[in-house]
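Coordinate inspection notes
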Amino acid sequence: MQYSENVFVMDHPLIKHKLTYLRDKNTGSKEFRQLVSEIATLECYEATRDLPLMDTHIETPVGPATTQIIAGRKLAFVPILRAGLGMVDGVLTLVPAAKVGHIGLYRDPETLAPVEYYSKLPLDIEERDVILLDPMLATGGSAIDAVTILKKSHPKSIKFVCIIAAPEGIQAFTQAHPEIPVICAAVDDHLNEHGYIVPGLGDAGDRIFGTL
Ligand code: PRP
Ligand code: URA
């Protein structure tokens, strides 16, 4: 479902079902990690919808056939540390040959401003289409800065895949980077006074890594 010009919300019963258990405060880390990974796989299916195809000729057991394969497009997944790491296994299930870069950002608990502490991207990133991963788009600060960092290394294209977005984060992100498509699994109600998404799921990184 199209939320706004470049923002797409996955409208699928499997995702809605998995999100319910992801949000539940009684879901433990093991199941939480599994759900994040499965939702990321389903979102990756949508994020790769426009990969170009080319014809190839094969022999089936019954005879020759002209069929299609992906036309050699190179992908890189870039999780925002820490919580984005939880999405990596899920997306690599669909595109095992992709490279993986990392951008480390944490939100200052007082100001909510993102602080960069690490960045390592594939050397050939200029030849790659990048899918940036983070489960949460809250104020938008982290995703905005991550895209700014990515743009400095000139990838062929960038898409941002998150799981839960706040309307405030979508507004800020699309204002900062209007050309970057955003794919999410849900758009929630609002941010609370601590910058948490309501109803959201709490702190994604803490729930993935059990650091509550
Ligand atoms: C969380 C989340 C995003 C960020 C979203 O990370 O994973 O990166 O907050 O918030 P924003 O849109 O307001 O920037 P956090 O800073 O808690 O770090 P962590 O992943 O290491 O726990
Ligand atoms: N980061 C999280 O992990 N959860 C939120 O609700 C907001 C930012």
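Our structure is the block above this text.
In short, a report on the structure. None of the values given here were measured: they were computed from a predicted structure.

**Examining the packing of helix 4 (residues 141-151) against helix 5 (residues 167-176)**
Remark: helix 4 packs on helix 5, axes separated minimally by 9 Å, with the N-to-C direction vectors making an angle of 20 degrees. Here helix 5 runs roughly parallel to helix 4, going by the angle between their axes. The handedness of the crossing between helix 4 and helix 5 comes out as right-handed. In this structure, helix 4 uses Ala143, Ile144 and Val147 to contact helix 5, whose residues at the interface are Ala172, Phe173 and Ala176.

**Thoughts on the nonpolar core**
Leu19, Leu22, Phe77, Leu133 and Ile163 are the most contacted members of the largest nonpolar core, which totals 36 residues. Sorting the residues of this core by element identifies helix 1 (13-23), helix 2 (29-47), strand 5 (75-81), helix 3 (88-94), strand 9 (129-133) and helix 6 (204-209) as the ones contributing at least two each. For this core, the leading source of residues is helix 2, giving seven residues. Look past the residues within four positions of Leu22 in its chain and what remains in contact with it is Phe32, Leu35, Val36, Ile39, Ile163, Leu201 and Arg207. Counting residues in hydrophobic clusters, the runner-up holds 26 residues, among them Val130, Leu137, Ile180 and Val182.

**Some words on the packing of aromatic side chains**
Going through the model one piece at a time under the given rule, you end up with two aromatic pairs. For the cation-ring pair, Arg107 lies above Tyr196, with the distance from its terminal atom to the ring centre recorded as 5.8 Å.

**A short note on a nonpolar patch on the surface**
Taken together, the side chains of Tyr106, Tyr117 and Tyr118 make up a nonpolar region of the molecular surface, amounting to roughly 330 Å² of accessible area. In this fold, Tyr117 is placed in strand 8 (residues 114-120). Accessibility expressed as a relative area gives 43% for Tyr117, which makes it partly exposed.

Reading guide: rules and limits
Residues numbered from 1 in each chain as written. Chains lettered and ligands numbered in written order. Predicted model: local features only at pLDDT ≥ 70, side-chain atom pairs only at ≥ 80, totals over all residues. Heavy atoms only, no water. Axes fitted to C-alpha atoms, helices over the stretch in contact; angles between N-to-C directions. Helix = DSSP H or I, 4+ residues; strand = E, 2+ residues; numbered from the N terminus. Parallel < 35°, antiparallel > 145°, perpendicular 65-115°, else oblique. Left-handed = near helix turned anticlockwise from the far one by under 90°. Contact = heavy atoms within 4.5 Å. Core = buried A, V, L, I, M, F, W, Y, C linked by side-chain atoms within 4.5 Å. Buried < 20%, exposed > 50% of the residue type's maximum accessible area, 1.4 Å probe, protein only. Phe/Tyr/Trp six-rings, centres within 6.5 Å; stacked < 30°, edge-to-face > 60°. Lys NZ or Arg CZ within 6 Å of the ring centre and 35° of its normal. Patch = residues over 30% accessible without salt bridge, like charges linked within 9 Å, V, L, I, M, F, W, Y side chains within 5 Å. Areas by Shrake-Rupley, 256 points an atom, 1.4 Å probe, with all protein chains shown as cover. Salt bridge = Lys/Arg side-chain N within 4 Å of Asp/Glu carboxyl O.

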